[in-house]
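What follows is the residue order along each chain.
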Amino acid sequence: MKNHNVSKGIHELYKENPEKADQLIWGREVHPITRRGFLKKSGLWAMSAALGANIPFADYMPSGLIPAAFADTDEPFRIAGKHPGLIVINDRPVNAETPAHLLDDLITPADKLFIRNNGIPPENIDPAAWTLRIEGESVKSHARFSLEDLKRKFKHYTYQLTIECAGNGRSEFNPPVPEGQWTVGAVGCPEWTGVRLRDVLESVGIKDDAVYIGYYGRDTHISGKSGLEPISRGVPMSKALEDETLIAWAMNGADMPVMNGHPLRLVCGGWPASTSGKWLSKIVVRNKVHDGAKMTGLSYKLPCHPVEPGAKVMEKDMCIIESMPVKSLITYPKTGAMIKAGQKLPLRGHAWAGDLSVSAVDTSIDFGMTWQRSSLQAPKNRLAWQHWRTELDFPGPGYYEVWVRATDSAGQMQPMVVPGWNPKGYLNNACHRIAVKVI
Ligand SMILES: Nc1nc2c(c(=O)[nH]1)N[C@H]1C(S)=C(S)[C@@H](COP(=O)(O)O)O[C@H]1N2
Ligand SMILES: [Mo]
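Visitor: Help me understand the sheet that holds strand β26 (residues 386–392) in this model?
Guide: Sheet strands pair by backbone hydrogen bonding; their relative direction is either parallel or antiparallel. Pairing is antiparallel in the open sheet, where four strands are placed in the order β20-β22-β26-β25. Looking at which strands have only one partner, the edges of the open sheet turn out to be β20 (327–332) and β25 (375–376). By the bridge criterion, two bridges tie β25 to β26 in an arrangement that is antiparallel. Its bridge partner being in β26, Ser375 is matched across the sheet by Arg389.

Visitor: Help me understand the environment of Pro84 in this model?
Guide: Within the secondary structure, Pro84 is located in the loop between α5 (68–71) and β3 (87–91). C-alpha of Pro84 to C-alpha of Lys112: the two residues are 28 residues apart in sequence and 9.1 Å apart in space.

Visitor: Just to check I follow, could you spell out the site of ligand 1 for this structure?
Guide: As a structural note, the neighbourhood of ligand 1 is formed by 19 residues, with Phe114, Asn118, Asp219, Arg265 and Lys278 the closest of them. One of the side-chain nitrogen or oxygen atoms of Asn260 is found 2.8 Å away from an oxygen atom of ligand 1. Contacts to ligand 1 include Arg265, whose side-chain N or O atom sits 2.6 Å from an oxygen atom. In a pocket analysis with a 2 Å cut-off to the grid points, ligand 1 is assigned to the largest cavity. Its residues placed into classes, the shell around ligand 1 shows nine nonpolar, six polar and four charged.

Visitor: Just to check I follow, could you spell out empty space enclosed by the protein for this structure?
Guide: Which parts of space are left empty comes out when a probe the size of a water molecule is rolled across the atoms. Applying the stated rule across the entire model yields two cavities of 30 Å³ or more. One number sums up the size of the largest cavity: a volume of about 240 Å³. Lining the largest cavity are 19 residues, with Arg116, Asn118, Ala273, Ser276 and Lys278 positioned closest to its centre. Classifying every residue of the lining of the largest cavity by side-chain character gives eight nonpolar, seven polar and four charged.

Reading guide: rules and limits
Residues numbered from 1 in each chain as written. Chains lettered and ligands numbered in written order. Predicted model: local features only at pLDDT ≥ 70, side-chain atom pairs only at ≥ 80, totals over all residues. Heavy atoms only, no water. Pairing = 2+ DSSP bridges. Helix = DSSP H or I, 4+ residues; strand = E, 2+ residues; numbered from the N terminus. Near = heavy atom within 4 Å. Polar contact = N/O pair within 3.5 Å; in protein donor to acceptor, adjacent residues only side chain to side chain. 1 Å grid on protein atoms, 1.4 Å probe; cavity = no way out; pocket = protein on both sides within 12 Å on 5 of 7 lines; lining within 4 Å. Sits in = over half its atoms within 2 Å of the grid points. Nonpolar A, V, L, I, M, F, W, Y, C, P; charged D, E, K, R; others polar. Points joined across faces, edges and corners; volume = space filled by probe spheres on them.

Right, dumping it as structure tokens:
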């Protein structure tokens, strides 16, 4: 770590070089994800993949040793097409989150949207040959559409829709819950263009007994075994038939990144992002709750009644997660900001609330003793996140934490502590906070 302009406040640093300022914590330079850090955290598979060769004497390698081939480089580890600042949580399957300060854009750019893969994405995608089948016991007939058919036959809609992984925030549960240790960045709100799922299903004909839809994608199971789906989830008809539920081919007016589902995906804004099927190849209309991969067992479910931390919960006592809870982020400044005494600190970020809207955003600099109301914008459309901003005064020099807390349109507020422990570590919507030093 290099000392860097420790005497300067955030305003000067941002004025001089905003990109540089983004990389500082307490005025010191920190490297984002370097090849070094990456290898230290991940296993042999990653090392071998990065070296392009097996390590025959791997058993004798001291754990944590950095292969000499990389020991003197600090090149960032990059995912093609994605911002270098994304934090890689897993490399197989690829899981990467976006640090809060990189989510500052009103509309999340494609290179900054997180990636959550359960399996291996399809290769050699040919959009011209892509098809979507509509099947299941509750459609009147089976149908098949090419991408061109979808674009030609149905009206196009564009909505800004928030998608958040239900496991976002999992890293904070205690006792810890295995699987992706997301912090705050498994969320984003790009603009999606496509056709309404409702229009497509109605053109095929929905039977009266329909209760659920399920999706299938063209990614393959991590084990390499054929016939196993990595994930096949769905939503009740009421969510499937909403105006904003899209079969989308574009993100922010362009083809979406392969890692985010190119050339076609489902987008169910405000619900666990696991319901937004990527590389969409088939939709089934079901006369019962869809029973595809990760709809059964404990996946994407919460205990129907609260349980003590660490409890074992039986499947019959678990309920499927529907709308996501109210939540917010401080996207400017980055944690570790410094300002000079007497200066005001401008702050901003987003807030969202599943199917609901956000009615208020408050910030606190005294660990929640007092709160100050922020200004809050209306969403661009239903199910889009909302932008908030404020300006804070600090009473004098010292260490502060700024906490942000959103309230939804039903009056529910984010908790200041990690809420309801659950066996799979879902729905941690505790307040986001950043550190600020006044010098
Ligand atoms: N086909 C397919 N769809 C999928 C997944 C997947 O692994 N395969 N992951 C789901 C999960 S758990 C999440 S959180 C979102 C993530 O979307 P993103 O990678 O575009 O951010 O995609 C969902 N759709
Ligand atoms: Mo997810």
